[in-house]
Structure formats: C-alpha cells, structure tokens
Amino acid sequence: MRVHFSLNLTLDGCYDHRAIAGDAELHAHTARSMARADALLFGRVTYQLMEDAWRQPPGAPVPEDPFVRIIDPARKHVVSDTLDAVDWNAELVRGADLAATVARLREAPGDRVFVGGVRLAQALTEQRLIDSYELLVHPHVAGHGPYLFGGLTQPLDLRLVDRAELTSGAVVLHYER
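Described below are features of the structure shown in this document. (Residues numbered from 1 in each chain as written. Predicted model: local features only at pLDDT ≥ 70, side-chain atom pairs only at ≥ 80, totals over all residues. Heavy atoms only, no water.)

Below, the discussion takes up the overall build of the chain. If you tally the helices and strands in the chain, you get 5 helices and 8 strands. For the chain, the C-alpha radius of gyration of 16 Å lies close to 16 Å, the compact-globule estimate for 177 residues. When burial is assessed residue by residue, the chain has 44% of its 177 residues classed as buried. Put simply, of all contacts in the chain between residues at least 6 apart along the chain, 71% involve residues at least 24 apart. Accessible surface computed for the chain: about 9,200 Å², of which carbon and sulfur atoms make up 53%. For the chain, the centre of its 18 positive side-chain charges and the centre of its 24 negative side-chain charges are spaced 3 Å apart. (Helix = DSSP H or I, 4+ residues; strand = E, 2+ residues; numbered from the N terminus. Rg over C-alpha atoms; globule rule 2.2 N^0.38 Å. Buried < 20%, exposed > 50% of the residue type's maximum accessible area, 1.4 Å probe, protein only. Contact = heavy atoms within 4.5 Å. Areas by Shrake-Rupley, 256 points an atom, 1.4 Å probe, with all protein chains shown as cover. Lys, Arg positive; Asp, Glu negative; His and termini not counted. Charge placed at Lys NZ, Arg CZ, Asp CG, Glu CD.)

Printed below as a string of structure tokens:
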C-alpha cells in the first residue's frame with residue numbers, strides 16, 4: 001500500500017483545525033479521499049479529535065454525512081506512547097514501532113494508508129515513508145501557528161501531480177515524492 005498524507009492548512013501554513021472553516025464540500029472531498037484508503041494511521045491527538053467529533057454510538061442510525069459513514073467503521077492504527085489502549089476499530093502502535101508498522105501496512109492487501117496527524121507526518125517524512133501529500137490550502141491567514149513541517153532536519157523535494165479548487169476557494173494540491 002502507498003502511504004498518503006492529507007491536511008488542511010491556511011495560506012500562511014497554520015494547521016490548527018479551529019482556524020479553518022469546514023463545509024459540506026470539504027467533508028465530501030475528505031470522505032472520498034479516506035474512502036480510497038484501506039487503513040487510517042493517526043497520531044494520538046488526531047485520533048482523539050476524530051473520535052470525539054465523529055464516533056457514532058452503537059446502534060445509531062446510519063448517518064447522512066459521508067465523512068462519518070467512512071471514518072466510523074474504518075480500520076485505524078493509532079501511534080501513541082501515552083495512551084494505554086484504543087478502541088473504535090483501532091490498533092495501538094508505539095512510536096518505536098512506527099517504521100515496522102508502516103512496513104507491515106505497505107505489505108498488506110490494498111492500495112492506500114491515509115495518514116492524519118502533523119507530528120506523525122513529520123516523523124514519517126523524516127524517514128521518507130510518505131509516498132504522496134495532499135494539502136488543502138484555505139484562503140485564510142491565521143497569523144499564528146502551529147505550522148506544517150517546522151523543524152524538518154532535511155529538505156524534501158516533491159512533484160506536483162494534480163490540483164483542484166473547491167468552491168470555498170481552497171486549493172487541493174497533490175504531490176508525490
């Protein structure tokens with residue numbers, strides 16, 4: 001499987017989810033991107049944010065939101081050295097086991113591992129374990145961080161392979177290593 005990272009960020013590079021307004025089109029785009037994934041690989045913070053916002057209670061009716069229909073039943077792998085356990089269709093991965101876990105996921109049947117989480121993406125980028133990057137750049141300047149990829153120890157050259165614009169003015173940029 002190929003490892004794919006996707007992130008929303010502002011024009012000045014801030015990835016704080018509170019600085020970006022989501023709408024139905026953005027949710028639908030993210031749902032389509034996640035639907036192409038055979039597994040989700042999240043850092044602890046992203047997992048907990050997603051679980052708090054999108055986890056459906058047992059026996060709840062099937063939600064209309066396509067994002068919820070994709071993320072709730074998806075197979076998840078959560079990288080954390082502080083959590084004791086995870087559920088919500090998830091497996092706990094320790095940071096020391098990250099490269100081995102990615103290698104195992106690459107060998108599993110399927111096409112794509114979807115990565116969510118900035119610190120996780122930075123660790124994977126440092127090890128050159130991400131194959132493609134999808135950056136959704138929103139027409140908003142936050143004026144504050146946190147900023148994407150601050151502190152990388154070595155540069156990374158990428159090739160733009162596709163781009164699209166959402167009606168909100170956000171630009172979806174697809175890069176490959």
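From this point, the narrative continues.
Our next topic: the side chain of lysine 76. Locating lysine 76 in the fold gives a position in strand 3 (residues 76-79). Aspartate 72 provides the closest opposite charge to the buried, salt-bridge-free lysine 76, at an N-O distance of 5.8 Å. When near neighbours in sequence (up to four residues on either side) are disregarded, lysine 76 contacts Leu40, Phe42, Tyr47, Ile71, Trp88, Asn89, Ala90 and Glu91. (Salt bridge = Lys/Arg side-chain N within 4 Å of Asp/Glu carboxyl O.)

Moving on: the nonpolar core. A general tendency of soluble globular proteins is for nonpolar side chains to be buried together. Counting residues in each nonpolar core, the largest one holds 26 residues, and the members touching the most others are Phe5, Leu41, Leu124 and Leu148. Sorting the residues of this core by element identifies strand 1 (2-10), strand 2 (39-43), helix 4 (98-107), strand 5 (112-116), helix 5 (118-126) and strand 6 (132-138) as the ones contributing at least two each. In contact with leucine 148, other than residues within four places in its own chain, are Phe5, Leu7, Leu9, Gly13, Tyr15, Val118 and Leu135. Formed by 17 residues, the second largest nonpolar core is a distinct cluster that contains Ala31, Val68, Ile71 and Val86. (Core = buried A, V, L, I, M, F, W, Y, C linked by side-chain atoms within 4.5 Å.)

Helical periodicity: at 3.6 residues per turn, an α-helix aligns residues three or four positions apart in one direction. For helix 5, the set of buried residues is Val118, Leu120, Ala121, Gln122, Leu124 and Thr125. Check the buried side of helix 5 and you find it contacts strand 1, strand 2, strand 3, helix 4, strand 5 and strand 6. Backbone geometry just after helix 5 places arginine 128 at a positive phi near 55 degrees.

Let us look at the packing of aromatic side chains. Overall, the coordinates contain 5 aromatic pairs when judged by the stated rule. Taking the centre distance of 6.1 Å and the plane angle of 80 degrees together, the rings of phenylalanine 5 and tyrosine 133 count as edge-to-face. Linking phenylalanine 5 in strand 1 with tyrosine 133 in strand 6, this pair joins segments that are 128 residues apart in sequence. Pair check on accessibility: phenylalanine 5 and tyrosine 133 agree, each one buried. Taken together, a centroid distance of 5.9 Å and an interplanar angle of 50 degrees make the contact between tyrosine 47 and tryptophan 88 tilted. On the criterion of sequence distance, the pair formed by tyrosine 47 in helix 2 (residues 44-54) and tryptophan 88 in the loop between strand 3 and strand 4 (90-93) is long-range, its members being 41 residues apart. (Phe/Tyr/Trp six-rings, centres within 6.5 Å; stacked < 30°, edge-to-face > 60°.)

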